[in-house]
Amino acid sequence: ARSSAFGIITGVVIFLNAIFIVYTTDFHIEHPGRSATAFMQYVEVSFIVFYAFELVLKIIAFRSYFFVGPDARFNLFDLLLVISASIELVVVGMAELGWMQGQGASWLDVSFLRCLRAFKLAKVLRIFRAVRFFRELKMMLNSVMGSFIMLFWSLLLLVFLLYVFSVLIMQCLTMEITANDTPEDLEMLRYYFGSTLVSIMTLLQSTTGGMD
């Protein structure tokens with residue numbers, strides 16, 4: 001699992017899987033409601049088997065280090081993808097065998113289909129496994145993930161500034177309305193600055209191009 005050759009093979013498989021996802025997505029949009037072909041099912045099972053085999057090799061090679069090493073987050077991500085793909089394979093197999101059509105299983109139709117949609121969406125996440133094979137891309141992803149805290153405080157600062165200026169604008173409008181019983185465009189002012197929350201939304205839309 002440590003060899004560069006195995007890493008290259010894994011990267012190629014992930015790349016082929018990305019192409020296959022494009023093919024299956026186009027197929028389902030062109031044939032809505034139609035089940036996957038036998039070829040598509042065989043290829044999907046092949047990908048799942050390969051990912052499971054890769055995961056087993058990593059666990060054997062790294063053992064407990066698999067869960068606590070520097071790539072622990074990626075390893076857990078791989079484990080989650082393999083589990084979700086395996087569950088999806090079982091659910092699809094049960095549906096095709098007609099197990100869900102039996103007595104007492106009517107309630108399973110809706111819940112299983114919802115889970116199946118979630119598993120299908122999880123397939124797209126496999127593409128992110130390719131990040132680890134590109135050092136610069138991995139570094140950029142780590143930088144984005146590490147900047148989430150700063151992004152939160154930046155958004156909080158933006159909300160604070162919007163709050164301050166909305167209060168100032170409303171106070172000025174209050175003085176204007178008090179000085180003039182019927183100022184011009186009173187209804188429009190109340191529409192855009194009728195309350196603090198409305199004023200904040202108006203300023204937010206103005207700064208983001210949503211309102212000129």
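The coordinates are above.
To keep things clear, this report deals only with the structure shown in the data block. (Residues numbered from 1 in each chain as written. Predicted model: local features only at pLDDT ≥ 70, side-chain atom pairs only at ≥ 80, totals over all residues. Heavy atoms only, no water.)

### Quick look at the pattern of salt bridges
For side chains bearing opposite charge, pairing can occur when the charged atoms are close. Definition in use: A carboxyl oxygen of Asp or Glu within 4 Å of a side-chain nitrogen of Lys or Arg is what we treat as a salt bridge. Here a strand is any run of E in DSSP of at least two residues, a helix any run of H or I of at least four, and the numbering for each starts at the N terminus.
Scanning the model with the defined rule gives two salt bridges in all. K58 is the salt-bridge partner of E54, the closest N and O atoms lying 3.2 Å from each other. Of this pair, E54 and K58 both sit in helix 2 (residues 38-62), four residues apart, which is roughly one turn of that helix. Ionic pairing is found between D78 and K58, a salt bridge with its closest N-O pair at 3.5 Å. Of the two residues, D78 sits in helix 4 (residues 72-96) while K58 sits in helix 2, which places them 20 residues apart along the sequence.

### Things to note about the nonpolar core
Applied cut-off: By nonpolar core we mean a set of buried residues, namely Ala, Val, Leu, Ile, Met, Phe, Trp, Tyr and Cys, connected to one another through side-chain atoms within 4.5 Å. Three labels apply to residues, based on accessible area from a 1.4 Å probe with only protein chains included: buried if under 20% of the type maximum, exposed if over 50%, partly exposed otherwise in between.
The biggest cluster of nonpolar side chains holds 12 residues, and these are V13, I14, F20, F27, M40, V43, F47, F50, Y51, L55, F66 and V82. For this core, the elements supplying multiple residues, two or more each, are helix 1 (4-30) and helix 2. Among the elements that line this core, the one with the most residues is helix 2, at six residues.

### Points about a nonpolar patch on the surface
Spelled out, the test is: Patch membership requires more than 30% relative accessible area and the absence of a salt bridge. Residues of like charge join within 9 Å; the nonpolar side chains Val, Leu, Ile, Met, Phe, Trp and Tyr join within 5 Å. With residues, only the protein chains shown are counted as cover, and all accessible areas are computed by Shrake-Rupley using a 1.4 Å probe.
A contiguous nonpolar surface patch, about 650 Å² in accessible area, is contributed by M140, V144, M145, F148, L151, L155 and L158. Taken together, the elements giving at least two residues each to the nonpolar patch come down to helix 6 (135-146) and helix 7 (148-179). Along the chain, L158 turns up in helix 7.

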